[in-house]
Amino acid sequence: MGADGVQHLAETIERMPLVDHHVHGMLPDPSEADLLAALTQAEHPASPTDVFDSGQGFALRRHCAPLLGLETFASPADYLAARRALGSDDVARRLLQASGIAAYLVDDGHRPDRLMPDERMAQLAAAPTHRVARLETIAETVLAQSASGDEFVERLGPALEAAATEAVAFKTVAAHRCGLELDPARPTNVDVRSAADAWFADHRAHAASAPTTPHAGHAASARPRLTDPTITRHLIWWALERGAVLQVHAGFGDADLVLERANPARMQALVAATAGTGGRIAFLHCYPYVREAGWLAHVFPHVFLDVGLAVEFLGANADAVVRDALDLAPFSRVIFSTDAWGVPERVLLGARLWRDAAARVLGGYVTGHGWPVAEAVRVAEGIAWRNAEGLYGRRFVTR
Amino acid sequence: MGADGVQHLAETIERMPLVDHHVHGMLPDPSEADLLAALTQAEHPASPTDVFDSGQGFALRRHCAPLLGLETFASPADYLAARRALGSDDVARRLLQASGIAAYLVDDGHRPDRLMPDERMAQLAAAPTHRVARLETIAETVLAQSASGDEFVERLGPALEAAATEAVAFKTVAAHRCGLELDPARPTNVDVRSAADAWFADHRAHAASAPTTPHAGHAASARPRLTDPTITRHLIWWALERGAVLQVHAGFGDADLVLERANPARMQALVAATAGTGGRIAFLHCYPYVREAGWLAHVFPHVFLDVGLAVEFLGANADAVVRDALDLAPFSRVIFSTDAWGVPERVLLGARLWRDAAARVLGGYVTGHGWPVAEAVRVAEGIAWRNAEGLYGRRFVTR
Amino acid sequence: MGADGVQHLAETIERMPLVDHHVHGMLPDPSEADLLAALTQAEHPASPTDVFDSGQGFALRRHCAPLLGLETFASPADYLAARRALGSDDVARRLLQASGIAAYLVDDGHRPDRLMPDERMAQLAAAPTHRVARLETIAETVLAQSASGDEFVERLGPALEAAATEAVAFKTVAAHRCGLELDPARPTNVDVRSAADAWFADHRAHAASAPTTPHAGHAASARPRLTDPTITRHLIWWALERGAVLQVHAGFGDADLVLERANPARMQALVAATAGTGGRIAFLHCYPYVREAGWLAHVFPHVFLDVGLAVEFLGANADAVVRDALDLAPFSRVIFSTDAWGVPERVLLGARLWRDAAARVLGGYVTGHGWPVAEAVRVAEGIAWRNAEGLYGRRFVTR
């Protein structure tokens, strides 16, 4: 059974549809600078070498190059030339479709102005997209349209309800803003109004001092930015009490977050307090705190996790996080994602590296730990798409 | 020498007696609900799937099923049916005796009212039990019998001394109560009396408001619960200055503890302060902070550690913690345990998975790192039982 | 290509020159007690067993024993006897030269009074040494020569400049003193003067109460010790604004540091604030926070890391840290070191274990992840010496 079974497992994982439960949109026609920027969490990579000579860069040269008609491990220069020659749409079509992802849950909260419409991405990928609504973006949009903190509070509820009708889940980037160590108590209406007043006043003061001419660039300081923990907690409680799925960025990302404050364990008190709401929490990425997230999934029935982003960036060492995610978490709470943003290379790599790592890790559990192949397939299928269908209560995969 | 040596090592580890230096008592006749509850650290598992579709659940189906006369990887339903058919005592006899554990050090501090007497467990296991006395339980019992904080302080010393005559070690669950980041200073008598007064008053206030009828269930609020860090530090200092071994819960457990506050590294200042007392500290479990505990064992001559609980729950990935525990800790400071509670499956799995992981990890060090087989055997034997005999200053294994 | 390629990779790594970018000096004629003390981070090992029965101890018996003419895995007693018979100089010559280290960057900040001159070490090693200047030592020396806080501030700048002319890099042990969670702001001159006054006054008070007779031992309390975070930040900012490389001790070491406060992630705010200075930061050791350091290298173009110290102490499990260091860090930011102190065994083991671990880890990436052998060689060569030459802007290796 050993070698044959492992071979069968690998082939089955290879053909398995994937539901990418957390991804972002694609840039319509990325320049080389765009590509490099999209391939790193650094704001400014020191050099193309930083990007290409890395776990992810080597994986890109190995797996993406052949899909563009090059030899495996083509040089960065050849890769960039092939990309230009084919054009962005063709590259996107090739890479997205080769990923075998059958459905995308798209969070468009990160620089949505630069990204193609979801419909276009769905077309290029030949797979449907679904909306994940970012709580902070909703709140920020409402604040920008409000003339007072009170008006913000009045408008916020309907805006959230409107988003809920279109979205399959909500997302919070509290990790980037106030950190995950949030007071567990549901804020009172008085707390929320007071925090809204303060945010509104603060934003008005900033906007007044920001450039107002249309040519002043993206005028970042004129857009409200939610960092207030009370409003953040209000949004989180609102989503969970509604019975929704709340995706929570955890672990690494760009330098905009403080790494230790993005540890999912920091959110333990709030997770415990919301266990009875009917809502579910999905911790995203988690690296290097995968084991901590697995423990939360073990002790709290409403907690899920994925290791998207980490799998893709780690490249050859992706096995480590795929393995650690199964340490304590019930297998039904582990879910595939890529967390790709901007360029289809990241989608392809997230899928490709997960399939390979899952085949190796679960294959090792078959040969070394007596797991029946059928059980290993069942675990893989759960992570690939079935657990996502259970969590979101929808059919994403046609069958 | 390669393959033969590794085979010999595995066979030697297989036959080795084990001293389980930290375990709990067994439920006399567990229902299926009891079994499920005992197999998880979650207060309420979402479903049997949470328990069976997990690293531990797969290991249970692999290793326990054959001992109940089933095929390996029998279904959960078949497993539960076989368990019912055999009866609790027979199941306990089979699993406990198959573990090869030659002696148990039993902490009965977790729900002792529900557990069988130690004598009965010893009979079913065909192996002697020894007492580990939980410091918090002693203090709580004394408080419940005292009419004032002063009386508590008067009675506490004799109660501790009485426990010491029967116990081979003490245990603290400070991680579940006030966290491990404790002020290192030995509390003064004045500090202790003042903390005792406050605890007594607080408990009296709670007990007055709690249900008092005999049918009001376990009336948890009427039992004192020690969370005060000053009294906790007093107990820890008392045990260590007496030259005793103090077991310290560290790392994961149920959601009653705050994970980050259970990091053994948080206790560094108190560990340093007690280095000269003659007492020894054994950090239990430690996951995911095994490497931190190993460093403490490296730099402090009175620190030991085990990876009980983690080995059992991780199942196929148990190698990771067995390996990490040997990173920095002197090999003589690493000790086997299961931390099983309530059901014999956990005892069997703790032993079974440790033997397999130790054989793989140390076998890899023989083939890949030139360790002589005899040295690998010596390291395994130390962890299995010899280091425990050294630490506790007793013969546990008949020879 | 598989087996042949891996063989070629291993042979190439074996012959590769190494630049040890962080090491300390050697004891001129270590006693057995000196040897044991130098082989552990514990202030007082409980016994020789603590040292020899450990990951590092087993590696020593495996790799150092044959270089002293013994069988592999000779007993500790035989090893010590052979060491005595050969004499310190011969042992040092054998072990240092067998390491294949082509250049040493020496931090003499740890007990320099006990160590041989660099010239002697260079002679025994047959390899040049370069100076790494420890910022705290410079400041402490200046304070000891100053009659006031003001004089300290006046003298500090010239003393730092003088050190800079001789040193290839600076080093800080902030992790051992005030911890790495430092306020990111550059301290003002007023802040520095005020902190200098306080330090001077504090030192004067201590020195007055310390023994003054020449026979009073090392009179530790009479030597100033910098723990003030403001002066520490001043030194760090000074070095980085000068465009220098600043080595930062991170992760484990002796018990003099608080482990959690040595997490490189704690320094994130200061790292971010200094990104534009032109200076570079090299986090040393990092264990068990290697992944955190890798993330900092990923998001900040001026951050480098090594896993010296950890590789040597972990012995058979060194692969884990070699692998984790490549998770997120661009490959060009990972640099070899030993962090050896006092005895040549640590130099040999740091080099030997790194070569073996790199050959296994990168060999696995060749066979399991399709890395071309030439690319694996390039990555290894970068870590071995080329990245250090790039970082320090010097030729260290003759070619």
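The rules behind each value
- Residues numbered from 1 in each chain as written.
- Chains lettered and ligands numbered in written order.
- Predicted model: local features only at pLDDT ≥ 70, side-chain atom pairs only at ≥ 80, totals over all residues.
- Heavy atoms only, no water.
- Helix = DSSP H or I, 4+ residues; strand = E, 2+ residues; numbered from the N terminus.
- Rg over C-alpha atoms; globule rule 2.2 N^0.38 Å.
- Buried < 20%, exposed > 50% of the residue type's maximum accessible area, 1.4 Å probe, protein only.
- Contact = heavy atoms within 4.5 Å.
- Phe/Tyr/Trp six-rings, centres within 6.5 Å; stacked < 30°, edge-to-face > 60°.
- 1 Å grid on protein atoms, 1.4 Å probe; cavity = no way out; pocket = protein on both sides within 12 Å on 5 of 7 lines; lining within 4 Å.
- Points joined across faces, edges and corners; volume = space filled by probe spheres on them.
- Axes fitted to C-alpha atoms, helices over the stretch in contact; angles between N-to-C directions.
- Parallel < 35°, antiparallel > 145°, perpendicular 65-115°, else oblique.
- Left-handed = near helix turned anticlockwise from the far one by under 90°.
- Nonpolar A, V, L, I, M, F, W, Y, C, P; charged D, E, K, R; others polar.
- Pairing = 2+ DSSP bridges.
- Salt bridge = Lys/Arg side-chain N within 4 Å of Asp/Glu carboxyl O.
- Buried area = accessible area lost by both parts, 1.4 Å probe.
- Polar contact = N/O pair within 3.5 Å; in protein donor to acceptor, adjacent residues only side chain to side chain.
- Least-squares fit on C-alpha atoms with pLDDT ≥ 70 in both.
- Expected span 1.5 Å × (residues − 1).
- Bend = angle between axes of the 7 residues up to and from the residue.

If you check an unreviewed UniProt entry, chain A appears there as Amidohydrolase from Agromyces luteolus.

Draft legend 1. Structural context of the overall build of chain A. When you go through chain A residue by residue, the secondary structure sums to 18 helices and seven strands. For 399 residues, the compact-globule estimate of 2.2 N^0.38 gives 21 Å, and chain A sits close to it at 21 Å. Projected onto its principal axes, the C-alpha positions of chain A cover 65 × 50 × 35 Å. Counting all 399 residues of chain A, 62% fall into the buried class. A sequence separation of at least 24 residues applies to 78% of the contacts in chain A between residues at least 6 apart.

Draft legend 2. Geometry of the packing of aromatic side chains. Scanning all chains against the criterion turns up 33 aromatic pairs over all chains. Relative to Tyr-287 of chain A, the ring of Phe-252 of chain A lies with its centre 5.6 Å away and its plane at 70°, an arrangement referred to as edge-to-face. Within this pair, whereas Phe-252 of chain A is found in the loop between strand S5 (245-250) and helix H13 (268-273), its partner Tyr-287 of chain A is found in the loop between strand S6 (280-285) and helix H14 (290-299), the two being separated by 35 residues in sequence. Judged on exposure class, the residue Phe-252 of chain A and its partner Tyr-287 of chain A are both buried. Taken together, a centroid distance of 5.1 Å and an interplanar angle of 85° make the contact between Phe-331 of chain A and Phe-58 of chain B edge-to-face. Of this pair, Phe-331 of chain A sits in the loop between helix H16 (318-324) and helix H17 (344-369) while Phe-58 of chain B sits in helix H4 (residues 55-67), placing the two residues on different chains. The exposure class of Phe-331 of chain A is buried, given its relative accessible area of 5%.

Draft legend 3. Quick peek at empty space enclosed by the protein. Scanning the entire structure with this criterion turns up 15 cavities of 30 Å³ or more. In this structure, the largest cavity occupies an estimated 110 Å³ of space. Contributing to the lining of the largest cavity are 19 residues, with Thr-40 and Asp-50 of chain A together with His-298, Leu-328 and Pro-330 of chain C lying nearest its centre. Contributions of two or more residues to the lining of the largest cavity are made by helix H3 (48-52) and helix H4 (55-67) of chain A together with helix H14 (290-299) of chain C.

Draft legend 4. The packing of helix H6 (residues 88-98) of chain A against H17 of chain A, seen in detail. All names here are of chain A. It is at 8 Å that the axes of H6 and H17 come closest, and there the two elements cross at 20°. Judged on the interaxial angle alone, H17 and H6 are roughly parallel. In the crossing of H6 with H17, the sense of the turn from one axis to the other is left-handed. Together, Val-91, Ala-92, Leu-95, Leu-96 and Ala-98 of H6 and Pro-344, Glu-345, Val-347 and Leu-348 of H17 make up the contact between the two elements. In the contact of H6 with H17, the residues fall into eight nonpolar, no polar and one charged.

Draft legend 5. Fine view of the sheet that holds S6 of chain A. Residues and elements named next belong to chain A. Within the open sheet, the seven strands sit side by side as S1-S2-S3-S4-S5-S6-S7. Their pairing is parallel. Two strands in the sheet have a free side with no partner beyond their single neighbour: strand S1 (18-23) and strand S7 (303-305). When strand polarity is set aside, the average angle formed by the axes of neighbouring strands in this sheet is 25°. The sheet contact formed by S6 and S7 spans three bridges and is parallel. Looking at S7, one finds that Ala-282 is bridged to Phe-304.

Draft legend 6. Structural context of the environment of Met-267 of chain C. Residues and elements named next belong to chain C. Relative to the helices and strands, Met-267 resides in the loop between strand S5 (245-250) and helix H13 (268-273). Owing to a relative accessible area of 1%, Met-267 belongs among the buried residues under this scheme. Along the chain, Met-267 and Leu-182 lie 85 residues apart, while their C-alpha atoms are 6.3 Å from each other. Beyond its immediate sequence surroundings of up to four residues, Met-267 is in contact with Leu-180, Val-248, Ile-281 and Phe-283.

Draft legend 7. Structural context of the pattern of salt bridges. Under the criterion given, the structure shown has 87 salt bridges over all chains. In this structure, the salt-bridge partner of Asp-34 of chain C is Arg-114 of chain C, at a minimum N-O distance of 3.0 Å. Of this pair, Asp-34 of chain C sits in helix H2 (residues 32-38) while Arg-114 of chain C sits in the loop between strand S2 (101-107) and helix H7 (118-125); the two residues are 80 residues apart in sequence, bridging distant segments of the chain. The class for Asp-34 of chain C is buried, based on a relative accessible area of 19%. Counted as one network, the salt bridges with shared partners bring together Asp-53 and Arg-61 of chain A together with Glu-375 and Arg-378 of chain C.

Draft legend 8. Local environment of the pairing of strand S4 (residues 167-172) of chain B. Residue and element names in this part refer to chain B. Where burial is concerned, most of S4 is hidden: six out of the six residues are buried. Pairing of strand S3 (residues 129-134) with S4 involves four bridges; the strand directions are parallel. By the bridge assignment for S4, Ala-133 is matched with Phe-170.

Draft legend 9. View of the interface of chain B and chain A. Taken together, the contact pairs 32 residues of chain B with 29 residues of chain A. Between chain B and chain A the total buried area reaches about 2,700 Å² when both faces are included, carbon and sulfur atoms providing 56% of it. Remark: the boundary between chain B and chain A carries four salt bridges. In this structure, Arg-378 of chain A and Asp-53 of chain B form a salt bridge, with 2.7 Å as the shortest nitrogen-oxygen distance. The tally of links between chain B and chain A comes to 15 residue pairs in polar contact (both at pLDDT 80 or more). At the level of secondary structure, the elements contributing two or more residues to the side of chain B that touches chain A comprise H4, helix H15 (310-314) and helix H16 (318-324) of chain B. Element by element, the count of residues in the side of chain B that touches chain A is highest for H4 of chain B, at four residues. Of the residues in the side of chain B that touches chain A, the class split is 16 nonpolar, seven polar and nine charged.

Draft legend 10. The arrangement of the relation of the copies chain B and chain A in detail. For the match of chain B to chain A, the screw axis carries a shift of 0.0 Å, the RMSD comes to 0.0 Å, and the turn is 120°. Here the transformation between the copies is reduced to the relation of a three-fold axis. In terms of proximity to the rotation axis, the leading residue of chain B is Ala-320 of chain B, whose C-alpha is 5.8 Å off the axis. Comparing contact sets, just 3% of the residues at the interface of chain B also lie at the interface in chain A, consistent with a heterologous contact between different surfaces.

Draft legend 11. Structural context of H4 of chain A. With 13 residues, H4 of chain A ought to run about 18 Å at 1.5 Å a step, and its terminal C-alpha atoms sit 19 Å apart, in line with that. Of all bends in H4 of chain A, the biggest is about 30°, found at Arg-61 of chain A. For H4 of chain A, a buried count of ten out of 13 residues is recorded, marking the element as mostly surrounded by other parts of the structure. Buried within H4 of chain A we find Gly-55, Gln-56, Gly-57, Phe-58, Ala-59, Leu-60, Arg-61, His-63, Cys-64 and Ala-65 of chain A. Where H4 of chain A is buried, its residues contact H3, helix H5 (76-86), H6, helix H15 (310-314) and H17 of chain A together with helix H18 (373-392) of chain C. Positive backbone phi, at 85°, marks Gly-69 of chain A, one or two positions downstream of H4 of chain A.

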